[in-house]
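Architecture and fold: a report
The residues making up each chain are set out below.
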Amino acid sequence: VTNPIADDPPQDGVLRYFTSLDESLMERLQRRVPDARFVKAFSSVGSRLMVDPHLAGGRPTMFICGDHDKAKEQVRAILGDFGWDAEDLGRSTAARAIEPLAMLWCIPGFLRDDWMRAYAVLRPGPATT
């Protein structure tokens, strides 16, 4: 659930990060503790929606990534128990894309005190004629 949030305050509601798009905090942590089985999850949602996120649009999607398939399977199971769909984006390098979602998620919170929302991946249903 960690994100590389800098000490500087948000600008126009946009968080500032101490990493770049070429390196995520998750990658830094994985290099620092290579035997740990990190899985990126819960980094773009507030604590009030982490468990049983009852939202009008249905089940939200949690984007995950990590270098250990068994660890990701465990996180996927936890997410299911908590009421989430999991979207596995691959290895830890995908955290470079997942971590900035927290910036996007926080903008309405900082600007309008709107913290009760989550992302969802929508796919087409069966074709209708």
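Up top you'll find the structure we're talking about.
Below, the structure is looked at part by part. (Residues numbered from 1 in each chain as written. Predicted model: local features only at pLDDT ≥ 70, side-chain atom pairs only at ≥ 80, totals over all residues. Heavy atoms only, no water.)

Here we look at the overall build of the protein chain
Across its full length, the protein chain holds three helices and three strands. In sequence order, the protein chain lays out its α and β elements as α-β-β-α-β-α. Computed over the C-alpha atoms, the radius of gyration of the protein chain is 16 Å, within 12% of the 14 Å expected from 2.2 N^0.38 for a compact globule of 129 residues. The dimensions of the protein chain, computed from C-alpha atoms along their principal axes, are 50 × 40 × 30 Å. (Helix = DSSP H or I, 4+ residues; strand = E, 2+ residues; numbered from the N terminus. Rg over C-alpha atoms; globule rule 2.2 N^0.38 Å.)

Points about the pattern of salt bridges
The full count for this structure, using the stated rule, is eleven salt bridges. Between Glu-23 and Arg-31 there is a salt bridge; the shortest N-O distance is 2.2 Å. For Glu-23, a relative accessible area of 21% translates into the label partly exposed. Linking Asp-67 and Arg-91 is a salt bridge whose minimum nitrogen-to-oxygen distance equals 3.6 Å. Highlighted residues: Asp-67 in the loop between β2 (61-66) and α2 (69-82) and Arg-91 in the loop between β3 (85-88) and α3 (95-112), separated in sequence by 24 residues. Exposure remark for Asp-67: the relative accessible area of 22% places this residue in the partly exposed category. (Salt bridge = Lys/Arg side-chain N within 4 Å of Asp/Glu carboxyl O. Buried < 20%, exposed > 50% of the residue type's maximum accessible area, 1.4 Å probe, protein only.)

Considerations on the nonpolar core
Membership of the largest hydrophobic core is limited to twelve residues, which are Leu-15, Tyr-17, Met-26, Phe-63, Cys-65, Ala-94, Ala-95, Ile-98, Ala-102, Trp-105, Cys-106 and Tyr-119. Those elements giving two or more residues to this core turn out to be β2 and α3. Residue contributions to this core peak at five residues, all from α3. When sequence neighbours within four positions are dropped, the list of residues in contact with Ala-95 reads Ser-24, Met-26, Lys-40, Cys-65 and Pro-100. Residues Val-45, Ala-71, Val-75 and Leu-79 belong to the second largest nonpolar core, which totals eleven residues. (Core = buried A, V, L, I, M, F, W, Y, C linked by side-chain atoms within 4.5 Å. Contact = heavy atoms within 4.5 Å.)

Worth remembering: the numbers are spatial, not functional.
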